[in-house]
Amino acid sequence: MGLQTNRVPEIVAPAGNLEKLKVAVNYGADAVYFGGDNFNLRVQADNFSNEDIAEAIDYCSERNVKTIFLMNSYLHESEITLVKDYIKSIRRNRFDAIMVSDPGMLMLLQEAGITSKIHLSTQMSTLNHMSVKFWNKAGIDRIVLARETTLKEIKLIRDNTDSEIEVFVHGALCVSYSGRCLLSRYLSGRDANRGDCSHPCRWRYTLIEEKRPGSYLDIIEYPPVDDSGKKISGGTEILSSMDLCLIEKIPEYIDAGVSAFKIEGRMKSLYYVANITRIYKEAVKHAGTDMFNTLLPFWKDELDLVSHRPYTDDLFNEFGSMGFRELPMVKKALFLGYAIAQGADNNSVYVKIFNPIRIGEKLEAIYPINEKNMDSMITVIGIFQKDGSAVDIARSSGIYLIKFDDSMHIHGILRRRI
């Protein structure tokens, strides 16, 4: 029965704010997902005002990129009237799709006459084709499958339904089933299921014996060792999960019938959004060709150059025997800034600075990957303030005209390897 199609799966990129949305679009996203002021699962993100939403839709529409608006929080009884009012305030926007988790939210959107497609969040834990059929009958057009869904199960879902299927391909994972965690609410009062997770799974914990208050014992693996058996310092994060990275399995997931690959990360940096989006965009493009294996080492190196925890392509490695281990952040490159406008020539650009850049530094510039890879090494030979005066350092949060010894173009991102 399954949906037979030769369509290339979409890359669905995160947009924590309007600036990140535009970067995601420029770096190859086929669709972007973002939330407004209310009822999405990222309270700490910048999110989008009504003006931002309108600009985002126009920007994406002009570039043939789909917009997915998030209304995926779970509703309490007291919020139903508020949701109805919020739907009225955003209904004039022509989103390509709206994502929900709560069946009540789905009913409210339908009762309001919303004509956008409806996508179902991963938090509804859809794992089988019967559930997919149920949600399709309820009016859902695309299912973001539970992160716990195996590749074999995805194939069976595709064989038994005509639904669009989306899966997470990269980013942070949650130790709780499909992200439904109460630990944050219990320990900090911040409800993860309302978009306000304090990430207590990433905290470091100690043991204390009840009759010895103040005597703390670190929870460590003894002796802590690296892969070669060498002793190292550190502790065991018994709740913290690895980060997901399916780059090597892209062809298998395409063969299984996936309609779209979703990248986690509305709270991540502009650089993260750009680099992860461009790499998966190219991987999907070359899946099933000889170029896939040729380019795979480059892609893996690039994915290693964004801040992340150790990667896994098997959720928590739950089907193996990983054991407890330390999961430190991996940070091999520092995001410095990106070019927002061209200068007087190809060697100069106006750069929005996120970390300081100094005269004489040799930096990496990365770009969207189109017909060729334009990434290059360039040296800073001049830094100028808005009034035209020369300085030795471009400081964070400023915009400077920077001249290089070689070409640097708009949308280029600057980084320094650590």
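For the structure itself, look to the data block above.
One structure accompanies this document, and this report is about it. Because the structure is predicted, anything quoted here is derived from the model rather than measured.

**Quick word on the overall build of the chain**
For the chain, the count of helices and strands is ten helices and 21 strands. Relative to its full complement of 418 residues, the chain shows a buried share of 49%. In the chain, once contacts between residues fewer than 6 apart in sequence are set aside, the share between residues at least 24 apart is 66%. On the chain, roughly 20300 Å² of surface is accessible, and the fraction owed to carbon and sulfur atoms is 51%.

**A short note on the pattern of salt bridges**
All chains considered together, the criterion is met by 21 salt bridges. Where salt bridges share partners, they join Arg278, Asp301, Glu302, Glu364, Asp375, Arg415 and Arg417 into one cluster.

**Examining the environment of valine 132**
Tracing the sequence through the fold places valine 132 in helix α5 (residues 129-138). Residues valine 132 and isoleucine 165, spaced 33 residues apart in sequence, show a C-alpha to C-alpha distance of 9.2 Å. Non-local contacts of valine 132, meaning those with residues more than four positions away in its chain, are made with Thr126, Ile143, Leu145, Ile157, Thr161 and Ser163.

**Structural notes on the nonpolar core**
By size, the foremost hydrophobic cluster in this structure holds 93 residues, and its most contacted members are Leu21, Phe34 and Met71. Looking at this core element by element, the count peaks at ten residues for helix α9 (residues 270-286). With residues near it in sequence (within four places) discarded, leucine 21 still touches Ala15, Val32, Phe34, Phe48, Ala56, Tyr59 and Cys60. Leu334, Phe404, Met408 and Leu414 belong to the second-largest nonpolar core, a separate cluster that totals 19 residues.

**A short note on unusual backbone geometry**
For asparagine 64, which is not glycine, the phi dihedral falls at a positive 60°. Here asparagine 64 lies in the loop between α2 (50-62) and β3 (66-71). A positive phi angle, close to 80°, is found at histidine 411, a residue other than glycine. Along the polypeptide, histidine 411 turns up in the loop between β20 (399-404) and β21 (413-417).

**So, helix α6 (residues 151-160)**
Those residues of α6 lying buried are Leu151, Ile154, Ile157 and Arg158. Viewed along the axis of α6, the buried residues span an arc of 115°, placing them on a single side of the element.

**As for the packing of helix α1 (residues 18-26) against α2**
Two quantities define a packed helix pair, namely the angle between the helix axes and the distance between the axes. Their axes nearest at 10 Å, the elements α1 and α2 cross at an angle of 10°. What the angle tells us is that α1 and α2 run roughly parallel. Seen from α1, the contacting residues are Leu18, Leu21, Lys22, Val25 and Asn26; seen from α2, they are Asp52, Glu55, Ala56, Tyr59 and Cys60. Taken together, the residues that form the contact of α1 with α2 break down as six nonpolar, one polar and three charged.

**Let's talk about the pairing of strand β14 (residues 348-353)**
Looking along a regular strand, one sees side chains alternate from face to face of the sheet. Looking at chain direction, strand β13 (residues 333-342) and β14 are connected through five bridges and run antiparallel. Bridge pairing in β14 links alanine 341 to tyrosine 350. Linking β13 back to β14 in an antiparallel pair, the connection comprises five residues. Judged from the five bridges that link them, β14 and β20 form a sheet pairing that is antiparallel. Bridged to serine 348 within β20 is lysine 403.

**Overview of the side chain of histidine 119**
Structurally, histidine 119 is set in strand β5 (residues 117-120). Among all residues touching histidine 119, those that are not within four sequence positions of it are Ile68, Ala97, Ile98, Met99, Val100, Ile140 and Arg142.

**Observations concerning the packing of helix α3 (residues 80-90) against helix α4 (residues 103-111)**
For the pair α3 and α4, the least separation of the axes is 10 Å and the interaxial angle reads 40°. The angle between the axes of α3 and α4 places the two elements in the oblique class. Note on packing geometry: the crossing formed by α3 with α4 is right-handed. Of the residues in α4, those in contact with Ile80, Val83, Lys84 and Ile87 of α3 are Met105, Leu108 and Leu109. Residue classes in the contact of α3 with α4 are distributed as six nonpolar, no polar and one charged.

**Observations concerning the packing of aromatic side chains**
Evaluated as defined, the whole model comprises ten aromatic pairs. Taking 4.5 Å as the distance between ring centres and 35° as the angle between the ring planes, the aromatic pair formed by phenylalanine 34 and phenylalanine 48 counts as tilted. Of this pair, phenylalanine 34 sits in strand β2 (residues 31-35) while phenylalanine 48 sits in the loop between β2 and α2; the two residues are 14 residues apart in sequence, bridging distant segments of the chain. Comparing phenylalanine 34 with phenylalanine 48 shows no difference in burial state: the two are buried. Among the aromatic side chains, those forming a connected cluster through ring pairs are Phe34, Phe48, Phe69 and Phe95. Positioned above the aromatic ring of tyrosine 33, the side-chain terminus of lysine 262 is 4.4 Å from the ring centre.

So, how was this worked out
Residues numbered from 1 in each chain as written. Predicted model: local features only at pLDDT ≥ 70, side-chain atom pairs only at ≥ 80, totals over all residues. Heavy atoms only, no water. Helix = DSSP H or I, 4+ residues; strand = E, 2+ residues; numbered from the N terminus. Buried < 20%, exposed > 50% of the residue type's maximum accessible area, 1.4 Å probe, protein only. Contact = heavy atoms within 4.5 Å. Areas by Shrake-Rupley, 256 points an atom, 1.4 Å probe, with all protein chains shown as cover. Salt bridge = Lys/Arg side-chain N within 4 Å of Asp/Glu carboxyl O. Core = buried A, V, L, I, M, F, W, Y, C linked by side-chain atoms within 4.5 Å. Arc of directions from axis to C-beta. Axes fitted to C-alpha atoms, helices over the stretch in contact; angles between N-to-C directions. Parallel < 35°, antiparallel > 145°, perpendicular 65-115°, else oblique. Nonpolar A, V, L, I, M, F, W, Y, C, P; charged D, E, K, R; others polar. Pairing = 2+ DSSP bridges. Left-handed = near helix turned anticlockwise from the far one by under 90°. Phe/Tyr/Trp six-rings, centres within 6.5 Å; stacked < 30°, edge-to-face > 60°. Lys NZ or Arg CZ within 6 Å of the ring centre and 35° of its normal.

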